[in-house]
Amino acid sequence: MRLAAPQAVQPFLLMEEIDNSQKKGKVYLVGAGPGDPGLITVRGRYLLEKAEVIVYDYLASRRLLTYVPADAQFVYAGKRGGVKHTHTQDEINQMLVDFAQEGKIVVRLKGGDPFIFGRGGEELEVLAKHNVSFEVVPGVTSATAAATYAGIPITHRDYTASVAFLTGHEDPTKDKSNIDWQKIATGIGTIVVYMGIKNLPFIVKNLIDNGRSPQTPVAVVRWASTPEQRSVVGTLADIADIVKESEIKPPALIVIGEVVNLRGTLDWFEKRALFGKRIIVTRTREQASELVAGLEENGASCYECSTINIEPVEDYHILDEALERINEYHWILFTSLNGVKYFFKRLYDKGLDARDLKGPDIGVVGKSTADLLLEYGVNADLIPPVFTGEGLAESLLDQGVEGRNVLIPRAVEGREILPETLRGAGAQVTIAPLYINVPPQGRRDELRAELESGEVGMVTFTSSSTVRNFLTMVDAESQEELEQLMAGVKIAAIGPITAKTVTDSGLKVDVQPSQYTIISMIKAIIDFYQC
Ligand code: SAH
């Protein structure tokens, strides 16, 4: 899925755009930062927004690709230690030259900083040789990120005045090392080793043999700055065994030096309330996930599972007829965000806008719907104290609905409780179907693999249809199999209707916020894990 690129914070023009007649290709070598997409530089992000071709690496966060225009050409260059390379370095170099010579704006996105063990220099040398113009944007290198996100200041006046970045990738059987271990072992305060997991026993031996104390503290940090971060701490004497036992695999960094001891006091990232929790967030593909953002802000690792695709209906005649006599309606009721979205889309398509809605009063099912409505310039007249269809019906009954004309723009298949209650009380209700909820196909295996991994701690549901479609996607053959797949997985449901759909399917709800909003849901999940 590709999100709309957020607006750049300041106007930004590339030379190629200022003088298009001169448009020659150019390669922008951009550091993606260590993993958290928020750690790319502002210039790096601008360039992603301008890319016509993006060539990206294994270590660059996939989420950064959402900034790249959808019509750009996406090329995965791969490269991952120990795994068969998708493209050789020569192929990548040639590709960059070819794209630039076609006149393209090429962004070459690399994990961390392109010039720190990133072969950025080599790629640029080839470009220079072919007279291709280029620019470089530095990035936050994983060494500083790993230390920072493990709560280790890489330098500290009381402990060290020097830092060295080493590669641990050297072949230990090589006759002569490019690293002068003798000088490094005692001559440098903090030592950070990239690509060193495989050779860790050899690295610690070299340091100890050359005079560094075996008691020197060491931290090893995997996938630094991401929700998957894992770290272990030991000493030069025992870190190799600890890493082996805890099965820490690349990509990981080794931080060696007295500063590691500060982690005890300064660890902040791994202390967040939901750190290390894997949460499946079911949602509709169209809706931006505030829930994912809130959970991740607190450290959770989310698997976003789109359970519904929203598609507009082909025939809008019921809404069109209603809009022609909109002033005869006393109420328009919105029971979903998509109801608001598709209603206004049709309104605008017909050349109308919010001013044409001044006749009827407007009721909404809850606060988020009211908030979205306000973005279209309309303040809701009625938000029920209880954010459900029943709650809305009750609030309307209190006002008396007999003989009132009510318009409900909503999904083709929606809950009937609101229209039925209102009709029962004498209202004339028009349901205008605007969109269809379609369960997406083909995600069964991926979702099952997640559940079978045993790592999922919780699944969240924000509507009954997300529950139903999740169950369809899981496709369990029996109740027993479903319970087996969901064993140990907690369930959070946004409100009583969603919760009932969960319990009707034989599963148990563990978290349910008192207010049916995303923010309350996030708070309830945090509370659940904290007590
Ligand atoms: N140019 C990159 C380094 C590429 S070398 C940079 O500046 O960070 C690849 C090595 O970087 C990996 O083997 C690992 O040691 C380290 N690395 C990259 N991203 C990492 C991350 N998020 N967490 C831990 N180590 C990482």
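Right above here is the structure, for reference.
Residues numbered from 1 in each chain as written. Predicted model: local features only at pLDDT ≥ 70, side-chain atom pairs only at ≥ 80, totals over all residues. Heavy atoms only, no water.

Before going further, it helps to spend a moment on the overall build of the protein chain. Each helix and strand counted, the protein chain has 20 helices and 18 strands in total. Overall, the protein chain is about 90 × 65 × 45 Å in size when its C-alpha atoms are taken along their principal axes. Going through the 531 residues of the protein chain one by one, you find that 50% of them count as buried. Long-range pairs, those at least 24 residues apart, make up 68% of the contacts in the protein chain between residues at least 6 apart in sequence. With an accessible surface of roughly 25700 Å², the protein chain has 50% of that area assigned to carbon and sulfur atoms. Of note, the protein chain has its 55 positive side-chain charges centred 4 Å away from the centre of its 70 negative side-chain charges. (Helix = DSSP H or I, 4+ residues; strand = E, 2+ residues; numbered from the N terminus. Buried < 20%, exposed > 50% of the residue type's maximum accessible area, 1.4 Å probe, protein only. Contact = heavy atoms within 4.5 Å. Areas by Shrake-Rupley, 256 points an atom, 1.4 Å probe, with all protein chains shown as cover. Lys, Arg positive; Asp, Glu negative; His and termini not counted. Charge placed at Lys NZ, Arg CZ, Asp CG, Glu CD.)

Another point: the packing of helix 11 (residues 317–324) against helix 12 (residues 337–349). Closest axis-to-axis distance for the helix 11/helix 12 pair is 11 Å, and the angle between their directions is 65 degrees. Note that helix 11 runs across helix 12; the crossing there is right-handed. On helix 12, the residues that touch L319, D320 and L323 of helix 11 are F343, R346 and L347. Residue composition of the contact of helix 11 with helix 12, grouped by class: four nonpolar, no polar and two charged. (Axes fitted to C-alpha atoms, helices over the stretch in contact; angles between N-to-C directions. Left-handed = near helix turned anticlockwise from the far one by under 90°. Nonpolar A, V, L, I, M, F, W, Y, C, P; charged D, E, K, R; others polar.)

Moving on, we get to the pattern of salt bridges. Scanning all chains against the criterion turns up 30 salt bridges. The partner of E135 in a salt bridge is R43, and the shortest N-O contact between them spans 2.7 Å. Note that E135 is positioned in strand 5 (residues 133–137) and R43 in helix 2 (residues 42–50), a separation of 92 residues in sequence. Look at E135 and you get partly exposed, because its relative accessible area is 26%. Look at R43 and you get partly exposed, because its relative accessible area is 31%. Across the pair D209 and K205 runs a salt bridge, and its minimum N-O distance is 2.7 Å. Residue D209 and its partner K205 are located together in helix 7 (residues 200–209), separated by four residues, close to a single helical turn. (Salt bridge = Lys/Arg side-chain N within 4 Å of Asp/Glu carboxyl O.)

Next up on the list: helix 7. Each full turn of the α-helix corresponds to 3.6 residues, which orients residues three or four apart in the same direction. Those residues of helix 7 that fall on the buried side of the exposure criterion are L200, I203, V204, N206 and L207. Taken end-on, helix 7 shows its buried residues confined to a sector of 155 degrees, consistent with a single buried face. Looking at helix 7, the residues exposed on the side facing more than 90 degrees away from the buried face are K205 and D209. Turning to helix 7, the residues buried within the fold contact helix 6 (181–187), strand 7 (190–194), helix 8 (239–245) and strand 10 (252–256). Among the residues trailing helix 7, G211 stands out with phi positive, at a value near 105 degrees. (Arc of directions from axis to C-beta.)

Taken together, 17 residues lie around the ligand, and D113, I116, T141, S142 and A252 are the ones closest in. Residue G111 places a main-chain N or O atom 3.0 Å away from a nitrogen atom belonging to the ligand. A distance of 3.4 Å separates a nitrogen atom of the ligand from a polar atom in the backbone of W223. Relative to its unbound accessible surface of 540 Å², the ligand loses 93% to contact with the protein. Residue classes in the shell around the ligand are distributed as twelve nonpolar, four polar and one charged. Composition of the shell around the ligand by domain shows at least three residues from each of domain 1 (25–139) and domain 2 (144–270). (Near = heavy atom within 4 Å. Polar contact = N/O pair within 3.5 Å; in protein donor to acceptor, adjacent residues only side chain to side chain. Domains from an automatic or database assignment.)

A separate point is the packing of aromatic side chains. Counted by the stated rule, this structure contains 18 aromatic pairs. On the basis of an interplanar angle of 65 degrees and a centroid distance of 5.9 Å, the ring pair of Y58 and W223 is categorised as edge-to-face. Pair noted here: Y58 is in the loop between strand 2 (53–57) and strand 3 (73–78) and W223 is in the loop between strand 8 (217–222) and strand 9 (230–235), with a separation of 165 residues, a long-range link. Ring geometry for W268 versus F269: centroids 5.4 Å apart, planes at 70 degrees, classification edge-to-face. Each member of the aromatic cluster is reached from another via a ring pair, and the members are F334, F343, F344, Y348 and Y376. (Phe/Tyr/Trp six-rings, centres within 6.5 Å; stacked < 30°, edge-to-face > 60°.)

The next subject is helix 4 (residues 120–129). Listed as buried for helix 4 are G120, E123, L124 and L127. Considered in projection along helix 4, the buried side chains sweep an arc of 95 degrees and stay on one side of the axis. Projecting away from the buried face of helix 4 at angles above 90 degrees are the exposed residues E125 and K129. Structurally, helix 4 contributes buried residues whose contacts are with strand 1 (26–31), helix 3 (89–101), strand 4 (105–110) and strand 5. Directly beyond the C-terminal end of helix 4, a positive phi value near 60 degrees is found at N131.

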